[in-house]
Amino acid sequence: MMRLQQSGREEVPLRGGRREARGPDLISFLPDAVLCSVISLLPIKEGARTQILSSRWRPLWRSAPLNLDTCGRSISKAVLCRILSEHRGGARCFNVSYSVLGGDSATLDGWLRSPALDSLQELEFWFSSSASPRPLVPHSTLRFSSTLRVAKFNYCKFPDDTAHQIHFPNLQQLQLCSVTISEDSLHAMLAGCPVLDRFELTYGHEGPPRPLMPPAALSISSTLRVAKFVRCRFPNTAACQVHFPSLQHLELEMVTIRGCSLHAMLSSCPALNSLILNYTYGFNQLIINSPKLKRVEMYFGRSDTEIRLDELIVVNAPCLEILHHRGPYEDSMEITIISARKLKVLGRITESIFRLELCTTVFNGLHDVRVATVMRSVKVLSLRLEYLNLDVVTNFMKCFPCMEKLYIKTYLMDDENFQLHDYKDHLECLDLHLKKLRISYYHGTRSHVEFAKFFVLNARVLESMVLDVEHTKKGDDWWFENQRRQLKLGKRASIGAQVVFTSDNCFDYLKDIH
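If you're wondering where the values come from, they're calculated on a predicted model, not measured in any experiment. (Residues numbered from 1 in each chain as written. Predicted model: local features only at pLDDT ≥ 70, side-chain atom pairs only at ≥ 80, totals over all residues. Heavy atoms only, no water.)

A closer look at a negative patch on the surface
Reasoning step 1: A grouping of Asp160, Asp161, Glu183 and Asp184 is seen on the molecular surface, where their side chains present a negatively charged patch.
Reasoning step 2: Sorting the residues of the negative patch by element identifies helix H7 (160–165) and helix H8 (183–191) as the ones contributing at least two each.
Reasoning step 3: If you trace the backbone, Glu183 turns up in helix H8. (Patch = residues over 30% accessible without salt bridge, like charges linked within 9 Å, V, L, I, M, F, W, Y side chains within 5 Å. Areas by Shrake-Rupley, 256 points an atom, 1.4 Å probe, with all protein chains shown as cover. Salt bridge = Lys/Arg side-chain N within 4 Å of Asp/Glu carboxyl O. Lys, Arg positive; Asp, Glu negative; His and termini not counted. Charge placed at Lys NZ, Arg CZ, Asp CG, Glu CD. Helix = DSSP H or I, 4+ residues; strand = E, 2+ residues; numbered from the N terminus.)

Topic: the nonpolar core
Reasoning step 1: If you look at the biggest cluster of nonpolar residues, it comprises 135 residues, and the most contacted ones within it are Phe94, Phe229 and Phe455.
Reasoning step 2: Sequence-distant contacts of Phe455, that is, excluding residues within four places in its chain, are made with Leu390, Val393, Met397, Leu406, Leu430, Leu434, Leu437, Leu462 and Met465.
Reasoning step 3: Counting residues in hydrophobic clusters, the runner-up holds eight residues, among them Val345, Val380, Leu510 and Ile513. (Core = buried A, V, L, I, M, F, W, Y, C linked by side-chain atoms within 4.5 Å. Buried < 20%, exposed > 50% of the residue type's maximum accessible area, 1.4 Å probe, protein only. Contact = heavy atoms within 4.5 Å.)

Here's the deal with the pairing of strand S9 (residues 226–233)
Reasoning step 1: For S9, a buried count of six out of eight residues is recorded, marking the element as mostly surrounded by other parts of the structure.
Reasoning step 2: By the bridge criterion, five bridges tie strand S8 (residues 198–202) to S9 in an arrangement that is parallel. Across the sheet, residue Arg198 finds its bridge partner in S9, namely Val226.
Reasoning step 3: By the bridge criterion, seven bridges tie S9 to strand S10 (residues 249–256) in an arrangement that is parallel. Bridge assignment links Ala227 to a residue of S10, and that residue is Leu250. (Pairing = 2+ DSSP bridges.)

Side note on the pattern of salt bridges
Reasoning step 1: Inspection of every chain in the model, using the stated rule, returns 16 salt bridges.
Reasoning step 2: Among the salt bridges present, the one from Asp118 reaches Arg143, with a minimum N-O distance of 2.9 Å. Taken together, the residues Asp118 in the loop between helix H6 (105–112) and strand S5 (122–126) and Arg143 in the loop between S5 and strand S6 (150–154) connect sequence positions 25 residues apart.
Reasoning step 3: The class of Asp118 is partly exposed, set by a relative accessible area of 32%.
Reasoning step 4: For Arg143, a relative accessible area of 36% puts it in the partly exposed group.
Reasoning step 5: Here Asp504 makes a salt bridge to Arg438, at a shortest N to O gap of 3.9 Å. Note that Asp504 is positioned in the segment after strand S25 (498–502) and Arg438 in strand S23 (residues 436–440), a separation of 66 residues in sequence.
Reasoning step 6: With a relative accessible area of 8%, Arg438 lands in the buried category.
Reasoning step 7: Each of the salt bridges in this network shares a partner with another, and the network as a whole consists of Asp197, Arg198 and Arg225.

Rendered as structure tokens:
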């Protein structure tokens, strides 16, 4: 039995007969408006469950702004109808997945007319991708024109009369995924979003060839800061005429675009600080000359039909900090970095690279090296090597003497020509800076052990060495103990260095650099 002490604190019974003093429920003393705001931030089920806390909380959920998101939840149409019919408050978010909606446009129209969705701020709905023909966007969508901040339309069709009436003066984020819409309607829609901050246009899986994106898709508000285009071909003329004065992040995924169009587009983005090219083709040379660009990520796959990047030139990028490229194993690129004085992260350099030029230091391949200058700004390096080659790695440590993190991915077990070297020269990187080393596909063979042992015995400030091994090694205690013994951990140069064995083949060094 609980009783209230004179101090105003509540005594709560615990196991063993002991009692613990606990403060009174101060949250329930907050005004209804504050509590309703808190409830509206919770997922729909958790928000509804607040009704069982006490009589004070019971009526709040029905009057709190509705945050209704069915994605990943098993909510039937009947339950959703009941929620909308009983809820008395306004709405913050309404997100209906294809598992609930299917291709039923009429039901969606009825839900959107519900008074429970008055003052809706975020709207997202997904029709089934297999629905044919595409379900129409309900005309009732227009009633949220003055309040909507986020709108995401997926697998649907915009009637021309509806699209031309769309005017969202406060819309900040717009996503169109596999949407059927005429060019005139798209132009009218974008013109009706004067403060748009984020825009994403994704086409379906049609092709090849990829569908041609209408020029109207580039007639976007000057306020736009983030843009993403997926699975399309860029119109050459329109791409050369755009101007995005506020654009900070540009992402092209599975896009075909000519080199002249890409360079014209980049030059029209003076505020751009992040560029992601994800399986984007149509150009063989990329020249970066940007005053504010901080991050460049490029991902390419094999293609026998598409023109693929084979030369990257960084002419002048005074703010560039991250330069990442990942292509197929046989990818042979020529990379030239003329000026990037703040570059911190460089990867993923492959052994098949044709030429790497860093200021006046030149790597003809990775084995013919002329180190003339050093780049002290580089802190993180990612390599993909056929074999673990100490000569290659030490050349990079000479070029990047202040490197703190080194990530190496190898894909062959052993090198028949492996020779053990006795390095006498002190390397600043090993003596003062290298703190983390990660080797993916470590097999524990003689060359792998000797390579890892070199860092155990010479890296004086090393904090961790992570060795990714095969899943089949799990539970093989003898193998791990034998590896630790061969690595001479008792003689490690850094007393605090930790050696960890993992089995993470999906590791992404970009997520581990901070």
